[in-house]
Amino acid sequence: MQHFDLMQTVRTRYAANGIVKLSGLFDDDTLSALWQEIQDFTGVRSEDYAGVMDGSRKAYNSPGTVIRNRQFWHLLENDIINDTIKLLVGYEVKFLGLDSMTVHWSSHGLHRDSHVGMEPFTQGFSPADAPYTVTRALVHVNDPDAAPYEFQFHPASHNIELGEMNVHGVPLFDASQICASMLVEPGDCLIFDARLLHTGMPIVSPKCFVTMTYGLPNFYSYDHFFYSRYVRVDQGLTDMPPELVEILRVRNMYLEGSTDESLREEFLAPRAEDIGKFDPDLLSRDYVRDI
Ligand SMILES: O=C(O)CCC(=O)C(=O)O
Ligand SMILES: [Fe+2]
C-alpha cells in the first residue's frame, strides 16, 4: 500500500509543480564511463574548463545525438526513466524522436521548451481535443564528484495560460519573484512539463546534459514532433534508424505515424508560413566551438 501511496504522491507533485527529480540514476562507475564516452564523442573535456576565464572554453550542442549514435541508445532504454515517464504521463507515452546533447557552462535565460522557437507561444493552451503532455527528461552527466548546478523554475508555471510573452515565450511580468530552484547532481534526471518556465544556472565547469522528449500520442505531441523535425530544419533532426524504432516498439514507446506523409502534411499545413524560415545550412548540430 505504501508503494501505491508513494507513486500517487509523486504523480500528484508532478501534476502540481510540473517537475520531479530522479536522483542517482547511475552508479559511480556507470556515470564515469558515460561521462568519458561523452567527452570522447564531443571532444569537449573537463580540462578545457581549466582556464575558464581565459576564453578557451569549448562547447558542444547537438539535437539528435542520441538517435544517431547507438552508444547512447541505453538512455532511451533506461527503465528508471521510462517507467517514471509512464507513471507520470501515462502508460501510452511515446518518445517523440527528439533529443539533444549539450556540454557548455552557461544557460539560456528563463524559457519554456514548449514553444519550440516560433510564435505563437500558445501550444498547450489553444483548444484541442487532447491533454498537453509534452515532457522533457534532462539527464545531467559529469564526474560523480563534480559540483552540482542549480536549475531554476517557476513551480506550476506549466498550468498558467500566460498573457503577453517575449520572443522566448517568457511572460512579461517580474518572473524573478516566484522562482524556485533545485540542485542537480551528476547522475540526476529532471522530468518536467515542456511548458514549465525554467533556466539552468551557469557554472564554471563543464555542464553536460542530455535531453529527451516524450508525450502521449496526441495532437500536441505530433505537432511538437512535426514542427521540430520539418520546420526547425536548422536543428538537423533525422529519422530514427530502424533498429532504434524496434527497440522503442518493444517498449510501446515508438511514435507510430511519425514517418507517415499524410499525417505530416496535415500537421504542417497550418505551419505553411513557417516552412523555409529556418536555414538548414545553419545547422546547429555536431559542432564543437570555442566561445
Ligand atoms: O542550461 C540548462 O541547464 C537547462 C537547459 C535547457 O533548459 C534546455 O536545453 O532547454
Ligand atoms: Fe529548456
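Preceding this section is the structure that the text describes.
Because the structure is a prediction, the values reported are computed rather than measured.

**A closer look at the site of ligand 1**
Around ligand 1 lies a shell formed by Ser107, His108, Asp113, Phe151, His198, Gly200, Phe209 and Thr211. When contributions to the shell around ligand 1 are tallied by element, the ones reaching two or more residues are strand S8 (198-200) and strand S9 (207-215). Among the residues making up the shell around ligand 1, the classes are represented as two nonpolar, five polar and one charged.

**A closer look at the sheet that holds strand S6 (residues 180-184)**
Strand order in the open sheet formed by three strands is S6-S5-S8, and the pairing between neighbours is antiparallel. At either end of the open sheet lies a strand with only one pairing partner, and these are S6 and S8. If you compare each strand with its neighbour and ignore which way they point, the axes differ by 20° on average. Taken together, the five bridges between strand S5 (residues 149-153) and S6 define a ladder with antiparallel strand orientation. For Phe153, the partnering residue across the bridge sits in S6 and is Ala180.

**Things to note about the nonpolar core**
Among the nonpolar cores identified, the biggest contains 54 residues, and Val139 and Val141 are the most heavily contacted of them. When near neighbours in sequence (up to four residues on either side) are disregarded, Val139 contacts Leu25, Leu75, Cys189, Phe209 and Val210.

**Describing the packing of helix H5 (residues 219-231) against helix H7 (residues 261-268)**
Interaxial distance between H5 and H7 falls to 10 Å at its minimum, and their mutual angle equals 90°. As summarised for this structure, H5 and H7 are arranged roughly perpendicular, according to the angle between their axes. The segment H5 lies against H7, with Tyr222, Asp223, Phe226 and Tyr230 engaging Leu263, Arg264, Phe267 and Leu268. Residue composition of the contact of H5 with H7, by class: six nonpolar, no polar and two charged.

Criteria and thresholds
Residues numbered from 1 in each chain as written. Chains lettered and ligands numbered in written order. Predicted model: local features only at pLDDT ≥ 70, side-chain atom pairs only at ≥ 80, totals over all residues. Near = placed C-beta within 6 Å. Helix = DSSP H or I, 4+ residues; strand = E, 2+ residues; numbered from the N terminus. Nonpolar A, V, L, I, M, F, W, Y, C, P; charged D, E, K, R; others polar. Pairing = 2+ DSSP bridges. Axes fitted to C-alpha atoms, helices over the stretch in contact; angles between N-to-C directions. Core = buried A, V, L, I, M, F, W, Y, C linked by C-beta atoms within 7 Å. Buried ≥ 20, exposed ≤ 12 C-beta atoms within 10 Å, placed from the backbone. Contact = placed C-beta atoms within 7 Å. Parallel < 35°, antiparallel > 145°, perpendicular 65-115°, else oblique.

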